[in-house]
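Descriptive structure summary
The chain contents come next:
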Amino acid sequence: MDVMAPAKRILVLTGAGMSAESGIPTFRDALTGLWARYDPEELATEAAFRQHPARVFGWYAWRLALARQARPHAGYRALARLGDRYGGGLVVVTQNVDGLHRRAGSRSVVELHGSLEAFRCVDHGHRFPTEEVLRLRGGGAGELEPPRCGECGSLVRPGVVWFGEVLPEPALRRAWCEARDTDTALVVGTSSLVYPAAAIPGLAAAHGARVIEINPHRTPLSERVDLFWQAGAGDALPVLAARLCDAP
Ligand code: OAD
């Protein structure tokens, strides 16, 4: 298939690199990635939260504040425009928890790893208002004692998926269905190392889709795609979106 042929349905899979140009650090980039500075075992598991709740909660409250301050870059806006052009034919499946796709105007967004905006209690999943968390927060990524749930008294935790946890079932099911139905999978800013998200391009390809990857660095997916576009999301997506929007 011509990699630039008109698309009828587009699945956009994004990862942390999508937000890099909005000033939000990725996880695995050497030096600047979060996992180069922090140990995921100490910050991204329920065991870590139960053992050091203030350390883990403070880190997520800091990331929430960082996400709120960030502005969606031109690549985000291009995807939102493309979404308007395609209507229900374009879905963004993201591993990101920063909410930037929605803030940029994308309407069909599947959040595979949850959201920094959704806090809930650790024992029963009762929701907790995000604005309260921001009010509690001091500066920086320092420790912050998590509040307790008004209904059951258990600690409030971020509504993100931690290592060892299952992904939200409706999000995963939707992503799987979209991967089977799409004719174009656009994979942007992910190292393609974390499953099940990393399986989505392969599933789309197995059902006949072409796969286009946008990333400044090669990944394990790169040798299997129809087109590897070595670029940042903020440069490549406006070009691609203009091309697809102009297609008859
Ligand atoms: P990673 O940090 O693993 O990968 C980020 C990717 O973005 C790398 O391949 C970079 O080369 C690329 N990148 C960097 N700058 C970019 C730019 N300007 N434009 C496009 N790409 C760029 O992030 P993810 O693949 O999202 O999970 O990581 C997957 C999951 O691992 C995350 O959702 C998180 C993490 O542990 C959980 O927290 C559950």
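In this report, the structure presented in the accompanying data block is examined. (Residues numbered from 1 in each chain as written. Predicted model: local features only at pLDDT ≥ 70, side-chain atom pairs only at ≥ 80, totals over all residues. Heavy atoms only, no water.)

A closer look at the nonpolar core
For clarity, the cut-off: The term nonpolar core refers to a set of buried residues drawn from Ala, Val, Leu, Ile, Met, Phe, Trp, Tyr and Cys, joined through side-chain atoms within 4.5 Å. The buried label goes to any residue with under 20% of its type's maximum accessible area, the exposed label to any with over 50%, and the partly exposed label to all in between, with areas taken from a 1.4 Å probe on protein chains only. Think of it this way: any DSSP run of H or I at least four residues long counts as a helix, any run of E at least two long counts as a strand, and we number them from the N terminus.
Grouped together as the largest cluster of nonpolar side chains are 52 residues, with contacts concentrated most on Ile10, Val12, Tyr60, Leu82, Leu186, Val188 and Leu237. When residues of this core are assigned to their parent elements, the largest contribution, 8 residues, is made by helix H4 (residues 53-69).

Let's talk about the pairing of strand S8 (residues 210-214)
Remark: a regular strand shows side chains that alternate across the two faces of the sheet. Basically, it comes down to this: Any two strands with at least two DSSP bridges between them are considered paired. The definition of a right-handed crossover adopted here requires that, viewed with the strands pointing away, the path from the first strand over the helix to the second runs clockwise.
Among the 5 residues of S8, 5 are classified as buried, and the element is accordingly described as predominantly covered. Two strands pair when backbone bridges link them, and strand S7 (residues 184-188) and S8 are joined in this way by 5 bridges, in the parallel orientation. Within S8, the position partnered with Thr184 by the bridge is Arg210. Read from S7 through helix H9 (residues 200-206) to S8, the crossover connection turns out right-handed. One ladder, built from 3 bridges, connects S8 with strand S9 (residues 227-229); its direction is parallel. Bridge pairing in S9 places Ile214 opposite Trp229.

Topic: the sheet that holds strand S6 (residues 156-160)
Read across the open sheet, the 3 strands follow the order S5-S4-S6; overall the sheet is antiparallel. Only two strands of the sheet have a single neighbouring strand rather than two, namely strand S5 (127-128) and S6. By the bridge criterion, 5 bridges tie strand S4 (residues 114-121) to S6 in an arrangement that is antiparallel. In the strand pairing of S6, Cys121 is matched with Val156.

Focus: the site of the ligand
Put simply, the rule reads: For this purpose, a residue is taken to be near a molecule or strand whenever a single non-hydrogen atom of the residue falls within 4 Å of it. Definition of a polar contact: a pair of N or O atoms within 3.5 Å, with one able to donate and the other able to accept a hydrogen when the atoms are protein atoms, and with sequence-neighbouring residues admitted only if both atoms are side-chain atoms. Reported accessibility uses the Shrake-Rupley method at a 1.4 Å probe radius. Residues are deemed covered only where the shown protein chains occlude them. Residue type decides the class: Asp, Glu, Lys and Arg count as charged, Ala, Val, Leu, Ile, Met, Phe, Trp, Tyr, Cys and Pro as nonpolar, and the leftover types, Gly among them, as polar.
Among the 23 residues in the neighbourhood of the ligand, the closest are listed as Glu21, Arg28, Thr190, Ser191 and Asn215. Within the side chain of Asn215, an N or O atom sits 2.7 Å from an oxygen atom of the ligand. In the complex, the protein chains occlude 92% of the 800 Å² of accessible area that the ligand would expose alone. Taken together, the residues of the shell around the ligand sort by class into 9 nonpolar, 11 polar and 3 charged.

Describing the sheet that holds strand S1 (residues 10-14)
What counts is decided by this rule: Lines fitted to C-alpha atoms define the axes here, with helix axes fitted over just the stretch in contact, and angles between the N-to-C directions of these axes take values from 0 to 180 degrees.
An order of S3-S2-S1-S7-S8-S9 is seen for the 6 strands of this open sheet, with the pairing classed as parallel. Each having just a single partner strand, strand S3 (109-111) and S9 make up the two edges of the open sheet. Averaged over all pairs of adjacent strands, the angle between their axes in this sheet comes to 15°, without regard to strand direction. Examined bridge by bridge, S1 and strand S2 (residues 90-94) share 5 bridges and lie parallel to one another. Its bridge partner lying in S2, Thr14 is registered against Thr94.

Focus on the packing of aromatic side chains
So the rule is basically this: Working definition: rings of Phe, Tyr and Trp (its six-membered ring) pair if their centres are within 6.5 Å, and the pair is stacked with planes under 30 degrees apart, edge-to-face with planes over 60 apart, and tilted otherwise.
Using the criterion set out here, one finds 9 aromatic pairs in the structure. Both rings, one in Phe49 and one in Trp162, keep their centres 5.6 Å apart while their planes meet at 40°; by these two values the pair is tilted. In this pair, Phe49 is assigned in helix H3 (residues 46-51) and Trp162 in the loop between S6 and helix H8 (169-181), connecting sequence segments 113 residues apart. The exposure class of Trp162 is buried, given its relative accessible area of 2%.

Some remarks on the pairing of S2
Among the 5 residues in S2, 5 count as buried, and that is most of the element. Here S2 shows a buried face lined by Leu90, Val92 and Thr94 and a second buried face lined by Val91 and Val93.

That's the geometry; what it means functionally is another story.
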